[in-house]
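# Survey of secondary and tertiary structure
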Amino acid sequence: MEIRRQTFLHPLGKVPVMKEYQNFWLYFHLYDFAGVEWMDYDLPPPNFLLHTQVGAFIGWMINGFPGTKKSQEYFNDIIARFLLTFAEHRPERLAYRPYTERKAHKILDRAYELEQFQGLKSISLPYKVQERSETAHHIDQVFWAIKNFTEACIQKFGEGVVVPYQTIEDFAMRNFLAKKERSTLRAKCRSVWNWYNERNWVIPQTREFEMTRSERAKANAKMKYERAQAAVLGLVKGLIADEFKKKSGAWNITKIAKHLGMSRDTVRKHLKELQEEGLL
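Residues numbered from 1 in each chain as written. Predicted model: local features only at pLDDT ≥ 70, side-chain atom pairs only at ≥ 80, totals over all residues. Heavy atoms only, no water.

### A word on the overall build of the protein
Of the regular secondary structure elements, the protein holds 8 helices and 6 strands. The proportion of buried residues among the 280 residues of the protein is 41%. Here the protein displays about 16,900 Å² of accessible surface, and carbon together with sulfur accounts for 52% of that area. (Helix = DSSP H or I, 4+ residues; strand = E, 2+ residues; numbered from the N terminus. Buried < 20%, exposed > 50% of the residue type's maximum accessible area, 1.4 Å probe, protein only. Areas by Shrake-Rupley, 256 points an atom, 1.4 Å probe, with all protein chains shown as cover.)

### A few points about the environment of Val 236
As for its placement among the helices and strands, Val 236 is situated in helix α6 (residues 213-236). Val 236 gets classed as buried once you look at its relative accessible area, which sits at 7%. Between the C-alpha atom of Val 236 and that of Leu 271, which follows or precedes it by 35 residues, the distance is 9.1 Å. Apart from residues no more than four positions distant in its own chain, Val 236 is found in contact with Ala 241, Trp 251, Ile 256, Leu 271 and Leu 280. (Contact = heavy atoms within 4.5 Å.)

### With respect to the nonpolar core
Counting residues in hydrophobic clusters, the biggest one holds 50 residues, and the most contacted among them are Ile 58, Trp 60, Ile 146 and Phe 176. Within the residue set of this core, elements represented by two or more residues are β2 (16-30), β4 (55-63), α1 (69-85), α3 (141-157), α4 (165-175) and α5 (182-198). Tallying contributions element by element places α3 first for this core, with 8 residues. Leave out the neighbours within four places in its chain, and Ile 146 touches Ile 168, Phe 171, Ala 172, Phe 176, Leu 185, Lys 188, Cys 189 and Val 192. Core analysis: the next-biggest nonpolar cluster, separate from the first, contains 14 residues, Val 232, Ile 253, Ile 256 and Leu 271 among them. (Core = buried A, V, L, I, M, F, W, Y, C linked by side-chain atoms within 4.5 Å.)

### A few points about α5
Residues lying three or four places apart along an α-helix face the same way, a consequence of the helix completing one turn every 3.6 residues. If you check α5, its first and last C-alpha atoms are 24 Å apart, about what 17 residues at 1.5 Å a residue would give, namely 24 Å. Listing the buried residues of α5 in full gives Leu 185, Lys 188, Cys 189, Ser 191, Val 192, Trp 193, Asn 194, Trp 195 and Tyr 196. Within two residues after α5, Asn 200 carries a phi angle of roughly 55°, on the positive side. (Expected span 1.5 Å × (residues − 1).)

Now the structure itself:
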(Lines give C-alpha, C1' and ligand atoms only; values in the text may rest on other atoms or scores of the structure.)
Protein backbone atom coordinates (compact mmCIF):
# COMPACT_ATOMS: atom_id res chain seq x y z
CA MET A 1 0.00 0.00 0.00
CA GLU A 2 1.19 3.50 -0.79
CA ILE A 3 -0.26 6.88 0.18
CA ARG A 4 -0.45 9.83 -2.19
CA ARG A 5 -0.96 13.34 -0.83
CA GLN A 6 -2.46 16.19 -2.79
CA THR A 7 -2.98 19.83 -1.71
CA PHE A 8 -6.33 21.60 -2.16
CA LEU A 9 -7.52 25.08 -1.17
CA HIS A 10 -10.11 25.02 1.57
CA PRO A 11 -13.46 26.39 0.23
CA LEU A 12 -13.71 28.85 3.15
CA GLY A 13 -10.22 30.24 2.95
CA LYS A 14 -6.75 30.06 1.47
CA VAL A 15 -5.38 27.49 3.91
CA PRO A 16 -4.04 24.44 2.04
CA VAL A 17 -5.75 21.18 2.95
CA MET A 18 -3.94 17.86 2.58
CA LYS A 19 -5.95 14.90 1.32
CA GLU A 20 -4.64 11.35 1.36
CA TYR A 21 -5.38 8.67 -1.23
CA GLN A 22 -4.45 5.06 -0.56
CA ASN A 23 -3.00 3.10 -3.45
CA PHE A 24 -2.97 -0.67 -3.63
CA TRP A 25 -0.60 -2.69 -5.78
CA LEU A 26 -1.65 -5.71 -7.81
CA TYR A 27 1.41 -7.82 -8.66
CA PHE A 28 1.40 -11.00 -10.73
CA HIS A 29 3.98 -13.59 -11.69
CA LEU A 30 3.63 -15.23 -15.12
CA TYR A 31 5.62 -17.81 -17.11
CA ASP A 32 6.53 -17.51 -20.81
CA PHE A 33 5.30 -13.92 -20.78
CA ALA A 34 6.79 -11.48 -23.28
CA GLY A 35 5.52 -8.45 -21.41
CA VAL A 36 3.25 -6.95 -24.09
CA GLU A 37 0.32 -9.35 -23.91
CA TRP A 38 -1.61 -6.90 -21.76
CA MET A 39 -2.05 -4.71 -24.85
CA ASP A 40 -4.33 -7.34 -26.41
CA TYR A 41 -6.90 -6.67 -23.68
CA ASP A 42 -6.65 -2.89 -23.66
CA LEU A 43 -5.15 -2.79 -20.19
CA PRO A 44 -3.31 0.31 -18.97
CA PRO A 45 0.52 0.26 -19.15
CA PRO A 46 1.91 -1.60 -16.11
CA ASN A 47 3.58 0.42 -13.37
CA PHE A 48 6.02 -2.43 -12.79
CA LEU A 49 7.53 -4.90 -15.27
CA LEU A 50 10.44 -7.24 -14.70
CA HIS A 51 11.75 -10.17 -16.74
CA THR A 52 13.70 -12.91 -14.95
CA GLN A 53 14.79 -16.49 -15.55
CA VAL A 54 11.75 -17.67 -13.59
CA GLY A 55 9.19 -15.68 -15.55
CA ALA A 56 7.91 -12.14 -15.66
CA PHE A 57 6.62 -9.96 -12.84
CA ILE A 58 4.03 -7.36 -13.67
CA GLY A 59 2.18 -4.91 -11.47
CA TRP A 60 -0.30 -2.05 -11.46
CA MET A 61 -0.81 0.64 -8.86
CA ILE A 62 -4.54 0.95 -8.19
CA ASN A 63 -6.18 4.12 -6.98
CA GLY A 64 -8.10 2.63 -4.08
CA PHE A 65 -7.78 0.19 -1.23
CA PRO A 66 -9.75 -3.02 -0.46
CA GLY A 67 -10.64 -1.89 3.03
CA THR A 68 -14.34 -2.78 2.86
CA LYS A 69 -16.14 -5.98 1.95
CA LYS A 70 -17.55 -4.43 -1.23
CA SER A 71 -14.21 -3.06 -2.45
CA GLN A 72 -12.52 -6.37 -1.66
CA GLU A 73 -15.10 -8.19 -3.79
CA TYR A 74 -14.37 -5.77 -6.65
CA PHE A 75 -10.62 -6.34 -6.38
CA ASN A 76 -11.11 -10.11 -6.26
CA ASP A 77 -13.33 -9.98 -9.33
CA ILE A 78 -10.53 -8.28 -11.30
CA ILE A 79 -7.93 -10.73 -9.94
CA ALA A 80 -10.08 -13.70 -10.97
CA ARG A 81 -10.53 -12.28 -14.47
CA PHE A 82 -6.78 -11.68 -14.77
CA LEU A 83 -6.11 -15.33 -13.85
CA LEU A 84 -8.65 -16.42 -16.46
CA THR A 85 -7.33 -14.12 -19.18
CA PHE A 86 -3.69 -15.16 -18.85
CA ALA A 87 -4.30 -18.79 -17.81
CA GLU A 88 -1.80 -20.12 -20.38
CA HIS A 89 0.97 -18.25 -18.53
CA ARG A 90 0.09 -19.84 -15.16
CA PRO A 91 -0.39 -16.49 -13.40
CA GLU A 92 -0.33 -16.05 -9.66
CA ARG A 93 -0.93 -12.94 -7.63
CA LEU A 94 1.89 -11.80 -5.38
CA ALA A 95 1.11 -10.29 -2.00
CA TYR A 96 4.36 -8.29 -2.00
CA ARG A 97 6.58 -6.47 -4.46
CA PRO A 98 9.19 -8.79 -6.06
CA TYR A 99 12.53 -8.66 -4.26
CA THR A 100 14.44 -7.93 -7.51
CA GLU A 101 12.57 -4.66 -8.01
CA ARG A 102 15.71 -2.56 -8.72
CA LYS A 103 16.03 -4.06 -12.20
CA ALA A 104 12.38 -3.49 -13.05
CA HIS A 105 10.93 -0.98 -15.47
CA LYS A 106 8.73 1.31 -13.34
CA ILE A 107 6.20 4.06 -13.92
CA LEU A 108 5.33 5.56 -10.55
CA ASP A 109 3.71 8.84 -11.53
CA ARG A 110 0.24 7.41 -12.07
CA ALA A 111 -2.33 5.13 -10.48
CA TYR A 112 -5.21 3.41 -12.27
CA GLU A 113 -8.87 2.80 -11.56
CA LEU A 114 -10.19 -0.77 -11.54
CA GLU A 115 -12.65 0.27 -14.25
CA GLN A 116 -9.67 0.46 -16.61
CA PHE A 117 -9.31 -3.34 -16.44
CA GLN A 118 -12.68 -4.16 -17.98
CA GLY A 119 -10.93 -5.56 -21.06
CA LEU A 120 -10.05 -8.70 -19.11
CA LYS A 121 -11.96 -11.86 -19.96
CA SER A 122 -14.80 -12.98 -17.73
CA ILE A 123 -16.86 -16.13 -17.40
CA SER A 124 -20.08 -15.77 -19.33
CA LEU A 125 -22.65 -18.54 -19.01
CA PRO A 126 -25.55 -19.31 -21.34
CA TYR A 127 -28.76 -17.40 -20.57
CA LYS A 128 -30.62 -20.47 -19.26
CA VAL A 129 -27.71 -21.34 -17.03
CA GLN A 130 -27.50 -17.77 -15.76
CA GLU A 131 -31.14 -17.96 -14.72
CA ARG A 132 -30.26 -20.96 -12.57
CA SER A 133 -26.96 -19.56 -11.31
CA GLU A 134 -25.98 -16.67 -9.05
CA THR A 135 -27.89 -14.02 -11.02
CA ALA A 136 -28.30 -13.24 -14.67
CA HIS A 137 -26.15 -10.14 -14.24
CA HIS A 138 -23.34 -11.28 -11.96
CA ILE A 139 -21.25 -14.43 -12.28
CA ASP A 140 -19.01 -15.30 -9.36
CA GLN A 141 -15.66 -14.94 -11.13
CA VAL A 142 -13.71 -16.02 -8.04
CA PHE A 143 -15.66 -19.27 -7.78
CA TRP A 144 -15.01 -20.08 -11.42
CA ALA A 145 -11.32 -19.20 -11.11
CA ILE A 146 -11.05 -21.76 -8.31
CA LYS A 147 -12.94 -24.26 -10.44
CA ASN A 148 -10.63 -23.68 -13.43
CA PHE A 149 -7.57 -24.12 -11.21
CA THR A 150 -8.96 -27.42 -9.92
CA GLU A 151 -9.48 -28.67 -13.48
CA ALA A 152 -5.90 -27.71 -14.30
CA CYS A 153 -4.76 -29.79 -11.32
CA ILE A 154 -6.83 -32.75 -12.51
CA GLN A 155 -5.23 -32.49 -15.95
CA LYS A 156 -1.79 -32.30 -14.35
CA PHE A 157 -2.24 -35.17 -11.86
CA GLY A 158 -4.39 -37.31 -14.15
CA GLU A 159 -8.12 -38.01 -14.00
CA GLY A 160 -9.14 -40.20 -11.11
CA VAL A 161 -6.42 -38.83 -8.83
CA VAL A 162 -7.76 -36.87 -5.88
CA VAL A 163 -6.64 -33.24 -5.73
CA PRO A 164 -5.94 -32.48 -2.05
CA TYR A 165 -8.39 -29.96 -0.64
CA GLN A 166 -5.53 -27.97 0.85
CA THR A 167 -4.05 -27.45 -2.63
CA ILE A 168 -7.24 -25.72 -3.71
CA GLU A 169 -7.55 -23.64 -0.56
CA ASP A 170 -3.89 -22.59 -0.72
CA PHE A 171 -4.43 -21.37 -4.28
CA ALA A 172 -7.46 -19.33 -3.25
CA MET A 173 -5.81 -17.81 -0.18
CA ARG A 174 -2.68 -16.87 -2.13
CA ASN A 175 -4.46 -15.21 -4.99
CA PHE A 176 -7.51 -13.55 -3.49
CA LEU A 177 -7.98 -10.98 -0.78
CA ALA A 178 -9.60 -12.80 2.12
CA LYS A 179 -9.32 -10.44 5.08
CA LYS A 180 -13.06 -9.77 5.13
CA GLU A 181 -14.39 -13.03 3.69
CA ARG A 182 -12.01 -15.87 4.59
CA SER A 183 -14.85 -18.23 5.53
CA THR A 184 -16.68 -17.44 2.27
CA LEU A 185 -13.56 -18.20 0.25
CA ARG A 186 -13.13 -21.52 2.07
CA ALA A 187 -16.77 -22.39 1.37
CA LYS A 188 -16.20 -21.88 -2.36
CA CYS A 189 -13.13 -24.13 -2.23
CA ARG A 190 -15.08 -26.82 -0.37
CA SER A 191 -17.94 -26.64 -2.90
CA VAL A 192 -15.55 -27.11 -5.82
CA TRP A 193 -13.72 -29.97 -4.08
CA ASN A 194 -16.98 -31.77 -3.25
CA TRP A 195 -18.26 -31.35 -6.81
CA TYR A 196 -15.28 -33.08 -8.39
CA ASN A 197 -15.02 -35.63 -5.61
CA GLU A 198 -18.59 -36.73 -6.37
CA ARG A 199 -17.51 -37.22 -10.00
CA ASN A 200 -14.41 -39.25 -9.09
CA TRP A 201 -12.11 -36.45 -10.21
CA VAL A 202 -13.05 -36.72 -13.87
CA ILE A 203 -13.67 -33.61 -15.94
CA PRO A 204 -17.04 -34.00 -17.73
CA GLN A 205 -16.76 -34.16 -21.52
CA THR A 206 -19.75 -31.84 -21.77
CA ARG A 207 -19.35 -29.12 -19.18
CA GLU A 208 -21.93 -29.42 -16.43
CA PHE A 209 -23.08 -26.06 -15.10
CA GLU A 210 -24.26 -27.46 -11.79
CA MET A 211 -22.30 -25.27 -9.40
CA THR A 212 -25.09 -22.82 -8.79
CA ARG A 213 -25.91 -21.30 -5.44
CA SER A 214 -29.11 -23.32 -5.03
CA GLU A 215 -27.36 -26.55 -5.98
CA ARG A 216 -24.42 -25.79 -3.72
CA ALA A 217 -26.91 -25.22 -0.92
CA LYS A 218 -28.47 -28.61 -1.64
CA ALA A 219 -25.06 -30.26 -1.72
CA ASN A 220 -24.14 -28.65 1.60
CA ALA A 221 -27.44 -29.76 3.12
CA LYS A 222 -26.85 -33.31 1.90
CA MET A 223 -23.32 -33.31 3.30
CA LYS A 224 -24.61 -31.99 6.64
CA TYR A 225 -27.29 -34.70 6.71
CA GLU A 226 -24.81 -37.49 5.94
CA ARG A 227 -22.41 -36.13 8.55
CA ALA A 228 -25.15 -36.15 11.19
CA GLN A 229 -26.16 -39.70 10.29
CA ALA A 230 -22.54 -40.83 10.48
CA ALA A 231 -22.27 -39.23 13.93
CA VAL A 232 -25.34 -41.13 15.15
CA LEU A 233 -24.06 -44.40 13.70
CA GLY A 234 -20.63 -43.88 15.21
CA LEU A 235 -22.16 -43.29 18.64
CA VAL A 236 -24.54 -46.26 18.69
CA LYS A 237 -21.86 -48.56 17.29
CA GLY A 238 -19.07 -47.22 19.46
CA LEU A 239 -17.51 -48.41 22.70
CA ILE A 240 -19.85 -46.35 24.88
CA ALA A 241 -23.05 -47.30 23.04
CA ASP A 242 -24.52 -49.01 26.11
CA GLU A 243 -24.49 -45.70 27.97
CA PHE A 244 -27.17 -44.47 25.56
CA LYS A 245 -29.59 -47.33 26.06
CA LYS A 246 -32.51 -47.53 28.42
CA LYS A 247 -32.97 -50.50 30.79
CA SER A 248 -35.39 -51.89 28.26
CA GLY A 249 -32.65 -51.97 25.63
CA ALA A 250 -34.20 -49.20 23.54
CA TRP A 251 -32.12 -46.21 22.56
CA ASN A 252 -32.34 -43.17 24.81
CA ILE A 253 -33.21 -40.60 22.14
CA THR A 254 -33.01 -37.65 24.52
CA LYS A 255 -29.55 -38.59 25.77
CA ILE A 256 -28.20 -39.17 22.25
CA ALA A 257 -29.63 -35.87 21.04
CA LYS A 258 -28.08 -33.98 23.93
CA HIS A 259 -24.69 -35.65 23.43
CA LEU A 260 -24.59 -34.91 19.68
CA GLY A 261 -26.22 -31.48 19.83
CA MET A 262 -29.14 -32.55 17.63
CA SER A 263 -32.90 -32.44 17.98
CA ARG A 264 -34.73 -35.55 19.19
CA ASP A 265 -36.63 -35.76 15.88
CA THR A 266 -33.37 -35.72 13.91
CA VAL A 267 -31.87 -38.53 16.01
CA ARG A 268 -35.08 -40.56 15.77
CA LYS A 269 -35.13 -40.15 11.97
CA HIS A 270 -31.50 -41.24 11.56
CA LEU A 271 -31.95 -44.27 13.81
CA LYS A 272 -35.00 -45.33 11.82
CA GLU A 273 -33.12 -45.03 8.50
CA LEU A 274 -30.10 -46.89 9.85
CA GLN A 275 -32.36 -49.72 10.99
CA GLU A 276 -34.12 -49.85 7.61
CA GLU A 277 -30.70 -50.04 5.89
CA GLY A 278 -29.70 -52.91 8.16
CA LEU A 279 -26.89 -51.00 9.80
CA LEU A 280 -28.38 -51.42 13.29
